[in-house]
Structure formats: structure tokens, C-alpha cells
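# Structural description and commentary
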Amino acid sequence: MANAQPALDAPPSPPSGELQATGTLEIKDSRTNKNYSVQIIQGGVEGDTATRAMDLRQIKTAPDEFGLMTYDPAFMNTASCKSAITFIDGDRGILRYRGYPIEQLAEKATFLEVAWLLRHGELPTQSEYDQWVRDITFHTYVHENIKNFLQGFRYDAHPMSMLCSTVAALSSFYPEAKAIHDPDQRNISIVRLLAKLPTLAAFCYRHIKGLPFIYPDNDLSYTENFLSMVARMSEPKYEANPVFVKALEVLFILHADHEQNCSTNAVRAVGSSQVDPFSAVAAGVAALYGPLHGGANEQVLRMIKEIGHPKNVPGFIDEVKSGKGSRLMGFGHRVYKSYDPRAKIVKALADDVFKQVGMDKDLEIALKLEEAALSDDYFVSRKLYPNVDFYTGLIYRSMAFPTDFFTVLFAVARTAGWLAQWEEMLNDKEQKIARPRQIYVGYGERPYESQLKTKFPSAKKDVLRK
Ligand code: ACO
């Protein structure tokens, strides 16, 4: 029957993943008076519309010219891929993984269930989930040499530097991971990365603290085991606080993916060279470390410490607005132009955790900051709202994690998204090595005329002077 409507309780059919032509854009080049027609494409029902940048290449003033490019520093308006993993509507504050609202996943799912969903596109059956959990649990141990490698770091090394280096180092332990077009190799690499990230993260923590490394306990769940590796001392079995376990599980789910953010773009770009996934994920960790990205949760707490007291909030806000001080960390987002839906969940979660451990003394400053910013025209007119990082730091600190460890927790969770995005990129026939163009604005050709008297000056003198 033509145009039959699906039964109300029928599961929605999976999207085709194809881009549909929905119209054309007529362009007139004023330099040549020539007209061009380029296709407008759209991805599925929720999909954004775009034109293919390559369609503009035909627009030129002479046959031997390169043709028109688009200029878009910082990818403000450029889609680098099509993706079926995460949907964000920044104006309406919507975040969904594979169609499932983040609020429902945070309330009802486990992190490993979400990791499966991100990668495979559907929720796991019981047998798929059991096998997935078994596989990940089985691979939590790292090679003993990783411990020696970590011992080489100074006591005050930043844990994100350590994590980035150890994830990259894993590549040398699994040279077979280079076979990225072999689905079995891809699978084992993905399992290894998800399994070993908590172990590496916990080892980084123990190194900073000068504590012995605690091996994984494979009787425990993913988050319980992580807390055990972080916090266990002489007790034979670690029993984590269930409120902390739940909080970490939810925070891991909230951080698991966020479409084409800076670190995911780094993983995709580096992965597009067909390097192994350990190296690509290490690039993601490096990108996440930055204070404008995952490093913001750390900066929020430093900012609150600097403010020191709720009475100093108005002065601090004035400083931010004047542009003399730093930005209001944990506020603003490239995509969300309303309340970040994850921030709402985190705020409620913070209440649960503080009920358990007592009110965090800095929460009052955070609440006051939020209230002041949300009623100030500077922030309102720029659509600056709290992002996920505004309250996460307070929760992590109340769980006794040191400030510079917060971004490591983010990295453990985001590994699920990085890997799903990496694999999606490999399976996308349209993807090639990521290599942007530039608009050259430097000198034209000029002859080389050296200004040097000596080409190889000795560094010896400088060293002795120090
Ligand atoms: N505090 C004060 N002003 C801000 C803030 C802020 N947090 N964020 C943006 N603005 C202002 C800018 O100064 C600019 O003002 P102008 O138009 O007068 O020049 C305007 O808002 C737009 O800012 P952009 O930098 O153009 O916005 P962009 O989308 O490039 O940046 C970003 C997004 C990096 C997240 C920014 O909002 C920011 O720096 N926030 C603080 C850091 C932070 O919390 N990062 C975490 C993001 S979430 C995550 O990565 C997990």
C-alpha cells in the first residue's frame, strides 16, 4: 500500500545515512557574469543543509585558475563529515546519542551500554552486552613496562601529559593495531582502549600521589574498578561509595560523545592519515587538555578559588566583561546557544553528591556566578550559558579528585565517542586524508640573500653562562 504509515509502536527504521539533494543554489560571479548552479544537500529529517564546497571549485575567471574555495577559520560554518552518532540542537538545548535523549541515557543506561550504542548505532541485546562487558573487563590490565614508563615522569607532571603519552605509548605495544581496515583488529583495539584508559588514568593518579599502582579488579563494574584503582589502600577489596559510583557513571555518559568538538575533530583528522587508533586517540587527549576545551573544568575551580568569596562575584563579572580578566570559565559554547542539557543534569547530580559528602564550600560562589551571569546583558546578549564543565569540577572535588585530574576523567569517558567517530570515519567512503586548504597571504617569490655571518653558532657559551 502506497504511503502506509508505520504502526505507532513500530520501531523507527534506521536512517539511510545518505545525503539527499533538496534544492539548488544559483550563484552569479560578478567577475565574469557567469551563472552557476550548486546542489543543496540535507542529511535525513533532522539533518542540516549544506552545499558541497567542491562544487564551488568550478567557479573561476580563467581555465588554469584553482577555483573558488570557502574560507572558514575555526570551522565556524563547515561540516567536515556526515555522522549518525550524536545530534545536537544548540538553540533548543537538545543532545541525543543515536537518537536517544541524553536525559534518558543518563538516568537509565550504563556507560558501557552507551559506549556500545555509540559505536554500533543500536542498544545492545543482553548477550551482546554481556560479551562486550566481558571483553572490556578482560583487557583492563596494561603491560608491566607501562608502569616503568610512568615512573619516568616527575612527581608534579600534569596527569593529562602523562595520559597523552601513555596512550600514545600503547601503540608501540600493539603494532598489529596498524591494520585498521581489518574489522577484527579494529575491534580488539577499540576494546583495549576502552578497557585500559581507566587503568592508565588511575596509574597517573597514583604516580602523582606517590602511591603504589593498584591492579584492576575484574570482579567490579567499569566505574567501581576505576575507583578501586584510584583509591584502594591496604584493604583486600575496595567498596566504593554507591553515590560516587552512580555519579561517575552519569558523568561518563554525559561526556561520552559530543559530535565534532575539538578533540573528536583531532582524532578524525589524525586518524584520517590511517595511523593506528592508539595514536589517533592520543591526539584527542592532547586536544582535550586545552583550557578552552576539556581543560575548562579544571579552570572553573581555579577561577572559583581566585574569586574566594561570594561577595567578590560582581567585581569578577565586571572584570570578565571589561575583557581585562579571564573569560568566565565553564560558560559559553560554540554550539549551545541555550542551557547545555548536560549542565542541567550535572547540577542535579551535584545536589545528590553534596547530600552525601556535605555542601561544597565553593558551590555558593558557583551559584552566585551563574545567577549573576544569567541576569547580565553581556552574557544574555551573547547567549552564554553554563556548559557541562561549570559544575563537574565541584562534584569531582567533593569525590576527592585533585583539580588537575578532572580532565583525565573527561578523557576516559570521551574515548568511547572518539572511537565510534574514528570507526565511522574509516567506514565512510567519502573520507580521505584530512587536509584543509589555506589562503596564502605571504610574500610573492623573492631571492635568497643570507644575513648571517656564521651558519653554525656554538651554543656552548650560553650553556656555561647559565
Ligand atoms: N566569558 C566571557 N565572554 C565570553 C565567554 C566566556 N566564557 N565565551 C564567549 N565569550 C564572548 C567572547 O568574548 C565574544 O564576545 P565578543 O562578541 O564581544 O567578541 C563572544 O562571547 C563570542 O565568543 P567566541 O569566542 O567567538 O565563541 P566561540 O564559539 O568561539 O567559543 C568557547 C566557545 C571557546 C567555549 C568560549 O565560550 C569560551 O572560551 N568559554 C570558556 C571556556 C569553556 O568553558 N570551555 C568549555 C567548553 S565545553 C567543552 O569543551 C567541554
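Everything below is about the structure printed above this text.
The sections below set out a description of the structure shown in this document.

### Some details on the overall build of the chain
The number of helices and strands found in the chain is 18 helices and six strands. Taking 466 residues into account, the globule formula puts the C-alpha radius of gyration at 23 Å, and the chain, at 25 Å, falls close to it. If you line up the chain on its principal axes, its C-alpha atoms span 85 × 80 × 55 Å. For the chain, with 466 residues in total, the buried portion stands at 45%. Taking contacts inside the chain between residues at least 6 apart in sequence as the whole, the part at least 24 apart equals 70%. Summed over all atoms, the accessible surface of the chain reaches about 25,500 Å², with 53% contributed by carbon and sulfur.

### Description of the sheet that holds strand β2 (residues 34–43)
Sheet architecture is open: three strands sit in the order β1-β2-β3, paired in antiparallel fashion. Looking at strand neighbours, the two that pair on one side only are β1 (19–29) and β3 (49–51), the edges of this open sheet. Sheet twist, expressed as the average angle between the axes of neighbouring strands with direction ignored, equals 30°. Two strands pair when backbone bridges link them, and β2 and β3 are joined in this way by three bridges, in the antiparallel orientation. In the sheet register, Ile40 faces β3, and the bridge partner there is Thr51.

### Some details on the site of the ligand
The full set close to the ligand counts 18 residues, and His293, Arg327, Leu328, Gly330 and Arg334 are the nearest of them. One of the side-chain N or O atoms of His293 is found 2.9 Å from an oxygen atom in the ligand. Residue Asn387 places a side-chain N or O atom 3.0 Å away from an oxygen atom belonging to the ligand. Residues that form the shell around the ligand fall into these classes: nine nonpolar, five polar and four charged.

### Describing the side chain of Arg268
Along the chain, the position of Arg268 falls in helix α9 (residues 262–271). When its relative accessible area of 6% is taken as the criterion, Arg268 is described as buried. Other than its neighbours up to four places away in sequence, Arg268 contacts Cys81, Lys82, Ser83, Gln260, Gln421, Glu424, Met425 and Gln431.

### Thoughts on the sheet that holds strand β4 (residues 86–89)
Across the sheet, three strands lie side by side as β4-β5-β6; this open sheet has antiparallel pairing. One side of each edge strand has no neighbouring strand; the edge strands of this open sheet are β4 and β6 (100–101). As paired strands, β4 and strand β5 (residues 94–97) are joined by four bridges and run antiparallel to one another. What sits directly across from Asp89, in β5, is Ile94.

### Structural notes on the packing of helix α5 (residues 159–173) against helix α6 (residues 183–209)
At their nearest, the axes of α5 and α6 sit 10 Å apart, and the two run at 140° to each other. On the basis of the axis angle, α5 is oblique to α6. Considering how the two elements wind past one another, α5 and α6 form a crossing that is right-handed. In this structure, α5 contributes Pro159, Met162, Leu163, Thr166, Val167 and Leu170 to the contact, and α6 contributes Leu193, Lys196, Leu197, Leu200, Ala201, Cys204, His207 and Ile208. Partitioning the contact of α5 with α6 into residue classes produces 11 nonpolar, two polar and one charged.

### Remarks on a nonpolar patch on the surface
Taken together, Phe66, Met69, Tyr71, Ile439 and Val441 make up a surface patch of nonpolar side chains, about 550 Å² in accessible area. For Val441, a relative accessible area of 76% corresponds to the exposed category.

### Comments concerning the packing of aromatic side chains
Under the criterion given, the structure shown has 17 aromatic pairs. Look at Phe111 and Tyr222: their rings are 5.3 Å apart centre to centre, the planes differ by 35°, and that puts the pair in the tilted class. With Phe111 in helix α2 (residues 111–120) and Tyr222 in helix α7 (residues 222–231), this residue pair connects regions lying 111 residues apart in the sequence. A relative accessible area of 0% means that Phe111 is categorised as buried. Overall, Tyr222 belongs to the buried group, its relative accessible area being 12%. Centre to centre, the rings of Tyr378 and Phe379 are 4.9 Å apart; their planes meet at 70°, and the pair counts as edge-to-face.

Calculation criteria
- Residues numbered from 1 in each chain as written.
- Predicted model: local features only at pLDDT ≥ 70, side-chain atom pairs only at ≥ 80, totals over all residues.
- Heavy atoms only, no water.
- Helix = DSSP H or I, 4+ residues; strand = E, 2+ residues; numbered from the N terminus.
- Rg over C-alpha atoms; globule rule 2.2 N^0.38 Å.
- Buried < 20%, exposed > 50% of the residue type's maximum accessible area, 1.4 Å probe, protein only.
- Contact = heavy atoms within 4.5 Å.
- Areas by Shrake-Rupley, 256 points an atom, 1.4 Å probe, with all protein chains shown as cover.
- Pairing = 2+ DSSP bridges.
- Axes fitted to C-alpha atoms, helices over the stretch in contact; angles between N-to-C directions.
- Near = heavy atom within 4 Å.
- Polar contact = N/O pair within 3.5 Å; in protein donor to acceptor, adjacent residues only side chain to side chain.
- Nonpolar A, V, L, I, M, F, W, Y, C, P; charged D, E, K, R; others polar.
- Parallel < 35°, antiparallel > 145°, perpendicular 65-115°, else oblique.
- Left-handed = near helix turned anticlockwise from the far one by under 90°.
- Patch = residues over 30% accessible without salt bridge, like charges linked within 9 Å, V, L, I, M, F, W, Y side chains within 5 Å.
- Salt bridge = Lys/Arg side-chain N within 4 Å of Asp/Glu carboxyl O.
- Phe/Tyr/Trp six-rings, centres within 6.5 Å; stacked < 30°, edge-to-face > 60°.

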